[in-house]
Amino acid sequence: MATKQESPMTVGPVIDRRMFLAGATAFAMASGPARADSTPQLVARPGKARLLSTDYPETPIWGYNGGVPGPELRLKQGERLVQRLVNNLPQASSVHWHGVRVPNAMDGVPGMTQDAVPPGGQFTYDFTPPDAGTFWYHSHNQSTEQIARGLYGLLIVEEIDPPEVDHDISVVLDDWRLSETGAITEDFDRMHDWTHAGRIGNFTKAALLPQVSRLRRNERLRLRLVNVAVDRIMVIGLHGMAGAIVALDGMPLRVPERTDHVILGPAQRADFIVDVTAEEGEQALLAIHERDEAFVLSHFDVGASGQSVSRGPIAPLPPNPLAPLATTQGAQMARLVMEGGAMGGLRQGIWKGEVLSVRDLVAEGQIWTFNGVAGLPETPLIEVPVGEIVEVPMQNDTAFPHAMHLHGHHFQERLADGSLGPLRDTILMDRGETRSIVFRADNPGDWLLHCHMLSHQKAGMKTWIRVTT
Ligand code: C2O
Ligand code: CU
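Residues numbered from 1 in each chain as written. Chains lettered and ligands numbered in written order. Predicted model: local features only at pLDDT ≥ 70, side-chain atom pairs only at ≥ 80, totals over all residues. Heavy atoms only, no water.

Draft legend 1. The overall build of the protein chain, seen in detail. Scanning the protein chain from terminus to terminus reveals four helices and 32 strands. The dimensions of the protein chain, computed from C-alpha atoms along their principal axes, are 65 × 50 × 50 Å. Per-residue burial for the protein chain yields a buried fraction of 58% across its 469 residues. Across the protein chain, every contact between residues at least 6 apart in sequence was considered, and the portion connecting residues at least 24 apart equals 76%. Taking the 41 positively charged and 55 negatively charged side chains of the protein chain as two groups, their mean positions are separated by 2 Å. (Helix = DSSP H or I, 4+ residues; strand = E, 2+ residues; numbered from the N terminus. Buried < 20%, exposed > 50% of the residue type's maximum accessible area, 1.4 Å probe, protein only. Contact = heavy atoms within 4.5 Å. Lys, Arg positive; Asp, Glu negative; His and termini not counted. Charge placed at Lys NZ, Arg CZ, Asp CG, Glu CD.)

Structure (structure tokens):
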């Protein structure tokens, strides 16, 4: 990692001239309305959040229960989740439980697993998450706009026997595009964003849950980093703390990976376990790294080492019920070629069953294709009986990175040496790369496979698989 500064780090120059620098303050959260019955509610509605300093007005947002992030839902592994979405927005909406291996009807994809919930409508989600880990929920309707406005929250499923830490802190990383008055800019339909790297903001912020600002030397932390940005890839560095990544996208690593930074594409998560190594009077920091510069997202004042004792090496988290694949023998292959976007050389694409020139595609707001098709194809990328192993070699013939997300399953990457990487639900692919994912299709239903750069998804990058019983 190109870290110029040693901690304590000073705030570097801004990323662009409109970039504000973030503090460690959690967003204001409003409480939900009175309930008619005892079903917990996620009320999607307009609200206000204090994103910027008090020199600015509060930011009008859309949030679950009016706050951003929405309520942090915490369950023990094996506990059932029941949440009623109440839609008090001017647009239809739905909730997707990102990374959770839900039954198909609970996946929250309008037009595929449910109807979008109209303004004034309701929908009750009811399932038991099988895996412990760090997950998140978000709107899956007009998501480029709805997530950019704040419709997301964390779902933490606690291990039955969690690792012992002094603080378990969720770090919600978002990238906002704000006007001079601190309002979310409403330029959600900029074709230039869609054809390039997406809606990249001018204000990156880490919301901490709970809002911790003081630590003691030698304390052990669990940091749950979640990139909820619509399009921005983030390189997050940890300073004044040392430890390892113990889980990616909610799934435990067999061997914790010692590192001081992580690259998170949109929707990706990393759980760290770290010990505070900064001296008393110094600061521990979370920073975002852009090119050769680092910007502080959160800082913690470090006090004298307290009662905290050294807990020895960082152990792996207890495994989840989903075991990594032992073999990929007999895998059914489904190739996926990604094309389009600016500088991609796309000439034509299929849209709603017709071959269109690029100019006509752009007129439809479409500019990316999977296997020549823009938008959701009529037929799935592959249809397999439940239990089959599927391998999807993905070839990125575009000039941009993409964060490919499969619903309802975790997959493993087939690495260059033939071995399989860790379980993930979203894989960040660089331009020009070909990477292959493999998984057991063990969850019946129709499942999206799409780019989680939501601008790219909107402008064409989505397909689906069908798992039959
Ligand atoms: Cu985070 Cu299609 O989802
Ligand atoms: Cu993409």
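Draft legend 2. The pattern of salt bridges, seen in detail. For the structure on display, the rule yields 28 salt bridges. A salt bridge links Asp425 to Arg269, with the nearest nitrogen and oxygen atoms 2.8 Å apart. Linking Asp425 in the loop between strand S28 (412–414) and strand S29 (426–429) with Arg269 in strand S17 (residues 269–276), this pair joins segments that are 156 residues apart in sequence. With respect to burial, Asp425 and Arg269 carry one shared label: buried. Between Arg466 and Asp446 there is a salt bridge, with the nearest N and O atoms lying 2.8 Å from each other. (Salt bridge = Lys/Arg side-chain N within 4 Å of Asp/Glu carboxyl O.)

Draft legend 3. Region of the structure containing the coordination of the copper ion (ligand 2). Around the copper ion (ligand 2), the protein contributes the donor atoms His402 (ND1), Cys451 (SG) and His456 (ND1), which lie 2.0 to 2.1 Å from the metal centre. We note that the donor set of the copper ion (ligand 2) lies within a single chain, spaced as H-x48-C-x4-H. Judged by its relative accessible area of 1%, His456 is buried. (Donors = N, O, S within 2.8 Å, 3.2 Å for Na, K, Ca; no water.)

Draft legend 4. Region of the structure containing the environment of Asp166. Along the chain, the position of Asp166 falls in the loop between strand S8 (152–158) and strand S9 (167–176). Exposure remark for Asp166: the relative accessible area of 31% places this residue in the partly exposed category. As for Asp166 and Arg311, which are separated by 145 residues in sequence, their C-alpha atoms are 11 Å apart.

Draft legend 5. Quick look at unusual backbone geometry. For the peptide bond that leads from Val68 to Pro69, omega is -5 degrees, which places it in the cis range. Residue Pro210 is bonded to the preceding Leu209 through a cis peptide linkage, with omega at -5 degrees. Mapped onto the elements of the fold, Pro210 is located in the loop between strand S10 (203–209) and strand S11 (214–216). In this model, Lys352 sits at a positive phi of 50 degrees, which is unusual for a non-glycine residue. Within the secondary structure, Lys352 sits in the loop between strand S22 (348–351) and strand S23 (354–357).

Draft legend 6. Quick peek at the packing of aromatic side chains. Under the counting rule described, the total for this entry stands at seven aromatic pairs. Judged by centre distance (5.4 Å) and plane angle (35 degrees), the ring pair of Trp97 and Tyr137 falls under tilted. You can see Trp97 sitting in strand S5 (residues 95–98) and its partner Tyr137 sitting in strand S7 (residues 133–139), a full 40 residues away along the chain. Tyr137 carries the same exposure label as Trp97, and that label is buried. Taken together, the aromatic side chains of Tyr64, Trp97, Phe123, Tyr125, Phe127 and Tyr137 make up a single cluster linked through ring pairs. Geometry around Trp62 places Arg149 over its ring, the cationic atom sitting 4.4 Å from the centre. (Phe/Tyr/Trp six-rings, centres within 6.5 Å; stacked < 30°, edge-to-face > 60°. Lys NZ or Arg CZ within 6 Å of the ring centre and 35° of its normal.)

Draft legend 7. Just the pairing of strand S2 (residues 59–64), in detail. Burial runs high along S2: five of the six residues are buried. Bridge count between strand S1 (residues 41–49) and S2: six bridges; the pairing is antiparallel. Bridge pairing in S2 links Ala44 to Tyr64. (Pairing = 2+ DSSP bridges.)

Draft legend 8. Region of the structure containing the sheet that holds strand S4 (residues 81–87). Pairing is mixed across the open sheet formed by four strands, whose spatial order is S2-S1-S4-S6. The open sheet has two free edges, formed respectively by S2 and strand S6 (122–127), since each of these has just one partner strand. With direction set aside, neighbouring strand axes in the sheet form an average angle of 25 degrees. Of the strand pairs in this sheet, S1 and S4 are connected by four bridges, and their pairing is parallel. (Axes fitted to C-alpha atoms, helices over the stretch in contact; angles between N-to-C directions.)

Draft legend 9. Region of interest: the side chain of Gln366. As for its position among the elements, Gln366 is in the loop between helix H3 (358–363) and strand S24 (368–370). Judged by relative accessible area, Gln366 falls into the buried class, the value being 5%.

Draft legend 10. Region of the structure containing the sheet that holds strand S25 (residues 382–385). Strand order in this open sheet of five strands is S25-S32-S31-S27-S29, and the pairing throughout is mixed. Among the strands making up the open sheet, the edge pair consists of S25 and S29. Recorded for the sheet is a direction-independent mean angle of 20 degrees between the axes of neighbouring strands.

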